[in-house]
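# What the coordinates show
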Amino acid sequence: MDNKLPLLVLFVFFSASLAVILTAFNDSNDTFEAAGSYAGANVLLITLESVRQDHVGFYGYGRNTTPNIDRIAMDSFVFTKAYSQAGWTLPSITSIFTSLYPNQHNVVFFNSSLPKDAETIASVLNRNGYSTKAYATHVLLKNSRRLDKGFDDYDESILGIGHPREIHSSRELSDKLISAVEGSGKPFFVWAHYFDPHYWYLNHDGFYYGKTPLDRYDSEIAYMDYHLGRVFDFLEESGLMDDTIIILVADHGEEFQDHGSAHHRTLYEEIVKVPFIIYLPARGGNVIDDCAVQHIDVMPTILGLLQIDLESEYSGRNIFSDGMNCATPVFMERESVPDSPQKMKGIIYDDKKLIFTYSGEQIRKEFYDLSSDPSELESIYGVGSAEIELAE
């Protein structure tokens, strides 16, 4: 068969006929137990800036960077195959809010804004009687992007403390978050974005690992985790933990020359594989290591748990729905932006990963078997029939 088949797969995906390729993968019976109904429950959505999955203790990291996230994870659904849709903040958060792929919502450049007619998780919950509050701590998430749609209050005040790269804000954010959930008089949906692990990395007293960029990055994560712990403590002590769904997910990871680059400019695993944890009251813990989940699954999962009808067509799915397909392809893409000039597209299916990198007229094609090469050290594009298996 022709080696151009993977290109055809990506072309089909990024065209209008997305549903065709998704339907082709809907024959898997791999599912896990549905979660049941949480109608009327509170929802706390916590997004973590630049936190790679392998720097979280519960996922196996050697340093004790996240004891508070870990204790929540012990009683939560923890997904090990969880992926960002874009690898950088603005399109990733937009995909979380809308259950749309980046090429569907088109919030893919630094100056992009959400379309006025777009549906968001906040707008749906607001119509269904929820109080909705947001805490934006990243300059790319200001309300000028229209991400405030559906929120009763979209708080950007932490940005007034100083440039996010030069200050730390987890303490102030947790203070605000505790006040918000304490004072809510009806079911609430609260979103908070914890920014501190973003470059530049600052060391914090009590969380010192060394002076290297990676050491300081871990210090930022540990500092953030400490103040997340204050939020979790309050929820437990106030009894709100018994009535609150908590979804904790990173917008993307971070790279430290893993593939010759820094920060978050690629679609390699250190960037797109993220922590994804869902706490459901009175359910206990469960590690899910055979189901691929993605940012686009957040919105339909929340609505499904709350027993709220899906009012529009979404690209994601309710992770806990009966008959949920675990063998679902993961699609990701990033456009050329000023600090990341290369456009990239990727697909993961059954632990096989294909990446296309566009540089002018040139296309670099990489193919990895993540089951045997999880760090993507050696591309096997063009070797054997692996690409054809992915296309099929």
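My aim in this report is to walk through the structure given alongside it, one point at a time. (Residues numbered from 1 in each chain as written. Predicted model: local features only at pLDDT ≥ 70, side-chain atom pairs only at ≥ 80, totals over all residues. Heavy atoms only, no water.)

### Describing the nonpolar core
Among the nonpolar cores identified, the biggest contains 89 residues, and Leu48, Phe79, Phe189, Trp191, Tyr194 and Phe276 are the most heavily contacted of them. Of all the elements, helix H8 (residues 213-238) adds the most residues to this core, at eight residues. The next biggest cluster of nonpolar side chains, apart from the first, holds 13 residues, and it includes Ile271, Ala292, Ile348 and Tyr368. (Core = buried A, V, L, I, M, F, W, Y, C linked by side-chain atoms within 4.5 Å. Buried < 20%, exposed > 50% of the residue type's maximum accessible area, 1.4 Å probe, protein only. Helix = DSSP H or I, 4+ residues; strand = E, 2+ residues; numbered from the N terminus.)

### Concerning the packing of aromatic side chains
Evaluation of the coordinates by the stated rule reveals 18 aromatic pairs. Seen from their ring centres, tyrosine 101 and phenylalanine 331 are 5.9 Å apart, and the 80° between their planes marks the pair as edge-to-face. Of this pair, tyrosine 101 sits in the loop between helix H4 (89-98) and helix H5 (102-105) while phenylalanine 331 is found in strand S11 (residues 330-334), placing the two residues 230 residues apart along the sequence. Geometrically, the ring pair formed by tyrosine 199 and tryptophan 200 is edge-to-face, given 6.1 Å between the ring centres and 85° between the ring planes. Residue class for tyrosine 199 comes out partly exposed when judged on its relative accessible area of 30%. Three or more aromatic residues link up through ring pairs in this structure, and these residues are Phe97, Phe151, Tyr154, Phe189 and Trp191. (Phe/Tyr/Trp six-rings, centres within 6.5 Å; stacked < 30°, edge-to-face > 60°.)

### Some words on the sheet that holds strand S12 (residues 343-349)
Across a sheet, strands are paired by hydrogen bonds formed along the backbone, either parallel or antiparallel in direction. Pairing is antiparallel across the open sheet formed by four strands, whose spatial order is S11-S12-S13-S14. Of all the strands in the sheet, the pair left with one neighbour each is S11 and strand S14 (362-369). Direction aside, the axes of adjacent strands within the sheet are offset by 10° on average. Bridging between S12 and strand S13 (residues 352-359) involves seven bridges; their strand directions are antiparallel. Within S13, the position partnered with lysine 345 by the bridge is phenylalanine 356. (Pairing = 2+ DSSP bridges. Axes fitted to C-alpha atoms, helices over the stretch in contact; angles between N-to-C directions.)

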